[in-house]
Structures are given as structure tokens and as C-alpha cells.
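# Coordinates in review
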Amino acid sequence: MTERSVSGGQSVGAVLRESLITGVVALLLFAPLTGVSLSGYTLEGHWQRPVWLAGWVVLGRFAFGWLRARGHLVGRLSGRPKAGSALLASWIEAHRTFLLLALCVVALILPWFIGKYWLNVAILAWIYVLLALGLNIVVGLAGLLDLGFVAFYAVGAYGYALGFKYLDLSFWAALPFGALLAACFGVMLGFPVLRMHGDYLAIVTLGFGEIIRLVLNNWMDFTGGPNGVRVPFPSFFGIEFGRKAQPGHVTVHEYFQVPFSNEYRDIFLYLLLMIVVGGLVFVIRRLRRMPLGRNWEALREDEIACRSLGIQPVTVKLSAFGLGAMTGGVGGVFFAASQGFVNPTSFTFMESAHILAIVILGGMGSTAGVIAAAVILTVLPEALRDFAEYRGLLFGCAMVLMMVWRPRGLMGARRARFDRSGVA
Amino acid sequence: MNRPAILELRGVDVAHGRTPVLHGVSLTVGRGEIVTLIGANGAGKSTLLMAIFGLPSVSRGEVWFDGQPITRLPTHRVARLGLAQVPEGRRIFPGMTVLENLVMGSMVGEKDEAALARIHALFPLLRERGGQRAGTLSGGEQQMLAIGRALMSRPRLLLLDEPSLGLAPLMIRRIFQALREIVAEGTTLFLVEQNANQALRLADRGYVLANGRIVLEGSGLALLADPEVRRAYLGGH
Ligand SMILES: Nc1ncnc2c1ncn2[C@@H]1O[C@H](COP(=O)(O)OP(=O)(O)OP(=O)(O)O)[C@@H](O)[C@H]1O
Ligand SMILES: [Mg+2]
């Protein structure tokens, strides 16, 4: 199929002409709107503003037209243009590897330039990616609606905080410790709710999340209650990120002979989180192709059929709960490390709802969609700080619109398929 | 009935919660036989098939498979012994592809290429549609898939619940032809059917279930000729 011949395709020249016309129109529109402003009693001209805006319009129009001319944005079988979001999805599909690489490079470079504030936002975004991927195993893949996921997040965070307080655990010991502890809690929750489905399961997990928070809040002697617990910052092979090293250790700025800045610590956390998320994505990809992953999905679709096919639902469900909880626990350890302090107010039901929203928005079961949604839902509210009062409203509207336009999430659920070669 | 029994029910009672459904049901299926169970709607046929798998569990009596009691075994353990079931309503996995559905059938989840090839030979359509989402198959195609999935575990005994339900005559003939081939390859069949005519013609022996009790048994042809059966289940005179 030649791409040019698809209806709606245009030559590059035509696209260029169209873009320029759009630009002229935009210039005419923007000039009176943005080109002059009132300053006191006099009018000031800002000729560069409309030019900039029109320039962006030209670029955007050109990019859109060009992609369409290349045939990427046109329904290939029907020749009928698809809806905008579906076009985007198919374009992403076509350039997967390249996009992935580009994104990785950008993500690697980003932390060095965005400054302390946005660095912290970015770390939070990565933590949400981690949490959402964990919940996605439980809800998206295994189909078990968990409204108390924050419990495992809290267990991980407190696992590090209290582990340090009582057992003198370092960050590196707390990572596996928090993960295992959370996994144990996941299995512990999993056992009693094995027979439950849908609404009942949702309510019990919701209760579980609240129980954990209330215990943390009220067990003053052990957890410090609402006062929280201080958490030390991680070190890197004995190299510390503080201003002054503990006796017998060195700090980063001494080691690399650079001036002190506590951004290094955040950059370190950022990069570490990136590695952990990368590893998790890899593991999830593998699992979905393995019998366990397929059993999760089959169990989601029909439990009775699964059982009469010889699948033991207990192990399958518990493994989903355990793995999801473990991921949540790791997220918690990172959260504690990045904040330097934990207290129970970070682990309310709103947090569970937020993570669930990410999973639903990203498209249940879709790894890429969930990652994108986690980043968007963390960064966007920060970017919209100026509209603080309307944030909830905007968020709600976005959610409703999403459900109307793309009920299956940003990416829809793309499922691992068998290789058909050797069969067909 | 001179063959060794592969499946045997001895005085089995089954209830759905508090509602008793089966009362003292006894029957045997011999190795290599085709046995059919017919009965009116609500007689308890589907309940009987599921009860063999422990869903719901048998409240009194015993179920034996291949010389071993399976009365109290959990469902997945029963399934691993070499029984497979094509349940009422097919219960395929609609969101998974045809091929994935088949692979789900092969016990430990390994892709059993030989079993797959055999099923593809039996139902070539399942090979052609390997990548299609199972939920988008037609009813008859889904039935083939359900049978194929059950066969993936290479069962010694295959239980089928109304494989002809809702299918056109041509499709029914194809399914029954496939069942004959399955038997020829050495699998034993226990078949629940509304379509008594076809089922009794195919079967060596048959049982009639009414209100949760076995009321009649005999060879397929004898039941076909039985005036009572003709009146009640074959719409004859
Ligand atoms: N899950 C259940 N809970 C309560 N009662 C049930 C349940 N399933 C079946 N029953 C009842 O058990 C009786 C037998 O049902 P069953 O499905 O075994 O009938 P059947 O012989 O397969 O009928 P059909 O030919 O219509 O499929 C019916 O009266 C039905 O209402
Ligand atoms: Mg039935």
C-alpha cells in the first residue's frame, strides 16, 4: 500500500503552504490579542509575542500535516481518518524503539538541569510510576480490585524508618527488607480475601489500608504516632550525600572535588529509581509471557474455568498480591528516603485513590500507559499550582473526559501475545 | 458394562447451598466408552458434571476416577488427574486469543506442541484464527475452542455439557464428527445433551436424569427406541 495514495494524504509542498497560511491567520489573530498591552495609560507594543505564537502554530500544523502525509495518521485499512488519540497511539506504535530510546536519554539528562524543586517532583513521579506498576499487577493483570494499596506503600516507608530506628538498617538493607515486609503483608491480606470478588474485595482492602494507617498513627511507643520518624539519607557504597561525613566516610563533594550541593542526593535517588523501574518493567514483561502471567489474566476472565483447567487459584492470586505489595513496599522505601521523614498523613485513602486513578487512566494492564499516566498525574498538578483552587476540578474533568473518549485508558490494554510462527 | 470403569458415581447427593439437586445418583462410565446423560431442563445434569470437579462438592456418596476416590479433592487437583471438562456455557477466556486459550488448557502452562498439532488437525479453524480474540468467535467456533482447550491436557476422560447448544445442524454434525475422532484416538466421553437424538445415536450407553434421580439406563439404541424416552425427550409419538 503506498502511503501517498491514502485519502487525506498530501504532498510536502501542500503541507508547507497550508502551514504558512495557518501561520498568517494566527499572526492576524494573535497580533491584536497579545501584541499590545496596556501599561498605565499608554499602549505598549510586544511584536515578538504574536510572532512566537504564530511560529509555534506553523510548526505544529506542519508536523501534523507531514505525519498525515506520511500516512501515519490515517486509518490504513479503511482510509478513514481515525480519532486523534488513536492516531497518536498508532504513531507511537510505529516508532516504538526510537521513542523509547529518546525518552530514556531525556530522562537521564533531565535531573541535571531542572533544579531542586522539579527534581523532587520528578522523584515523586518515579515513585508513583513504581506504585502504579505494582497496583497494575493486582488490578490490571490479575483483576483484583484493591482500594488499600497505600498500606504496602506505608509498610515499605515505615519498614525503612523503623528499621533504621531500631535495627540500624541502612537504605540498601531497607530496600529488600521493606520489599519483603510488604510482600508478607500482601500475602497476609491475600489469604482472607481469596474467596472475595469485586465489591467485597474492594471494601476489605480499603479497610486494610485504613487499619495500617491507624495502627501507625496510634501506636505511639513504636511508630512515634503522628510525630513520625526521621529517616536517614541513603549513601552510595559508603559515600555520603550530606555536608559532613560520618567518621570514617567521605561525602560526594569531597570525593569528586566539587562544591557541596544536596541536589546530588536527589539526582542519585532519581537515577536509582530509574534503574529500579526499568528492572520492574523488564520483569513484568517477562512474567506476562510466562505461565504465571497468563494465569493472572485467565483468572481475571473466568475463575471457574481456570480451576477446572487445573489452575490453583490460591497461589496465582497470592503471587499477584505479593508481587504488587512488594513493588509498593519498594516505592515506600524510596519515598521515605527522599523525604527524610515519614508520618501517617502521607498514607491516607486519597493516596490509594490516586494510584488507582493512574492505573485506570493509563489503561489497565498496559505498562506504557500506566507509566505515562503516573508522570502526567504527578507533574501536571505541580505545573498547575497557580490554579490550586481548581486543581481538583480540572483533575475530575480530565478523568471524566478520559473515560468518555478513551474508556480503556491512554494506551488501551495491549496484551502480550504468543508468537504465531511455528503454529500458523 | 464389562469394561473397567474409568468414572464411577456411587449414591451421590449434591446440593446448591441448601437446595438439594441430586439424590443418590449412581452411574459408571467404562474406559473407551461413550456415555450420555439426557434429561429435562433443571434436572441437574450440569450440576452432576460440575460436582465431579467438586463445584459444588458432593454431600453424600462417592466419586471414583480410574480406581481412586476423588470425592473430596479440590477442583484443580481433579483436573490434573486426567479429566477435562467442556463446561456449560463454554467458559472460554474472551479477552485472550484463540491460541492463548488453547495453551491455558495444557495443564502446567507449557506449550504442548504435539497436543496443539493434534487439536489443529481436528479443528483447522482454530489454527487459522490463532491470533483472534476468543470473545469475537462465533458460537460454534467458541464451542470448538472449548473442546480444543479441554483436549490440550490430553485427558483420559472428557466431560461435555451440551456441546450442541445453540448450533446450526451443520455445525452440530461437525462437532459430533470431531467427537467420534476423539474417541477413536482413545479418549472416553461422558456427554450431557439436550439433543437426545444425536447423543443417543453416538453413545454406547445412556442414562436419563429426572428431578435429580437416574430414572432409566440402557444402550443408546435401546433408549432411542424406548417409548417413554421418545415421548419426553425426542418429541416423537
Ligand atoms: N448456583 C446455583 N445455586 C442454586 N441453585 C442452582 C445453582 N445452579 C443450579 N441450580 C439449580 O439446580 C437445579 C439443576 O440445575 P442444572 O443446571 O444442573 O440443570 P440442567 O439439568 O443442567 O439443566 P439445563 O438442561 O437447563 O442445562 C436447577 O433447579 C437449578 O435452579
Ligand atoms: Mg445444564
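Residues numbered from 1 in each chain as written. Chains lettered and ligands numbered in written order. Predicted model: local features only at pLDDT ≥ 70, side-chain atom pairs only at ≥ 80, totals over all residues. Heavy atoms only, no water.

## Focus on the confidence of the model for chain A
Residues and elements named next belong to chain A. This is how the line gets drawn: pLDDT measures the predictor's confidence residue by residue and takes values from 0 up to 100. By definition in these notes, contact holds between two residues if any of their heavy atoms fall within 4.5 Å.
Put simply, chain A has an average pLDDT of 81, and 82% of its residues get 70 or more. Low confidence marks residues 1-8, where pLDDT is under 50. Its contacts with residues over four positions away, or in another chain, come to twelve contacts. A low-confidence stretch, residues 73-81 (pLDDT under 50), is modelled with 18 contacts involving residues beyond four sequence positions or located in other chains.

## Overview of a nonpolar patch on the surface
Residues and elements named next belong to chain A. The test is simple: For patch detection, residues must exceed 30% relative accessible area and be free of salt bridges, and they are connected within 9 Å for like charges or within 5 Å for nonpolar side chains (Val, Leu, Ile, Met, Phe, Trp, Tyr). Calculation of accessible area relied on Shrake-Rupley with a 1.4 Å probe; when residues are assessed, cover is drawn exclusively from the protein chains displayed. By definition, a salt bridge exists where a carboxyl oxygen of Asp or Glu is found within 4 Å of a side-chain nitrogen of Lys or Arg. Under the DSSP-based scheme used, a helix requires at least four consecutive residues in state H or I and a strand at least two consecutive residues in state E, with every element numbered from the N terminus. Relative accessibility under 20% of the residue-type maximum defines a buried residue, over 50% an exposed one, and the middle range a partly exposed one, all with a 1.4 Å probe and only protein chains included.
Taken together, the side chains of Y166, L167, I211, V215, W219 and F222 define a hydrophobic patch exposed on the protein surface, amounting to about 600 Å² of accessible area. Breaking the nonpolar patch down by element, the ones donating at least two residues are α6 (150-167) and α8 (198-218). Tracing the backbone through its elements, the reader meets I211 in helix α8. Using a relative accessible area of 51% as the deciding quantity, one classes I211 as exposed.

## Quick notes on the packing of aromatic side chains
All names here are of chain A. Put simply, the rule reads: Geometry of aromatic contacts follows a simple scheme: Phe, Tyr and Trp rings, the Trp one being its six-membered ring, pair when their centres are within 6.5 Å, and the pair is stacked under 30 degrees between planes, edge-to-face over 60, tilted otherwise. Counting as a charge over the ring demands two things of the Lys NZ or Arg CZ atom: a distance within 6 Å of the ring centre and an angle within 35 degrees of the ring normal.
Inspection of every chain in the model, using the stated rule, returns 14 aromatic pairs over all chains. Aromatic side chains F149 and F152 sit 5.7 Å apart centroid to centroid with 75 degrees between the ring planes, which places their arrangement in the edge-to-face category. Each member of the pair, F149 as well as F152, is classed as buried. Ring centres of Y160 and F171 lie 5.8 Å apart, and the angle between their planes is 65 degrees; this geometry places the pair in the edge-to-face category. With Y160 in helix α6 and F171 in helix α7 (residues 171-190), the pair connects residues that are eleven residues apart, well separated along the chain. F171 carries the same exposure label as Y160, and that label is buried. The rings of Y160, F171, W172, F268 and F334 are connected pair by pair, giving a single aromatic cluster. The lysine or arginine in question, R265, covers the ring of F233, its NZ or CZ lying 3.7 Å from the ring centre.

## Concerning the nonpolar core
Defined as follows: The definition of a nonpolar core used throughout is a set of buried Ala, Val, Leu, Ile, Met, Phe, Trp, Tyr and Cys residues joined through side-chain atoms within 4.5 Å.
The biggest cluster of nonpolar side chains holds 91 residues, and the ones touching the most others in it are F171 and F334 of chain A. Sorting elements by how many residues they give to this core places helix α5 (residues 115-141) of chain A first, with 16 residues. Ignoring any residue separated from it by four or fewer positions in sequence, one finds F334 of chain A in contact with I127, L130, F171, L175, L269, L272, L273 and V276 of chain A. One finds L99, L126, I147 and L191 of chain B within the second-largest nonpolar core, a separate group that totals 38 residues.

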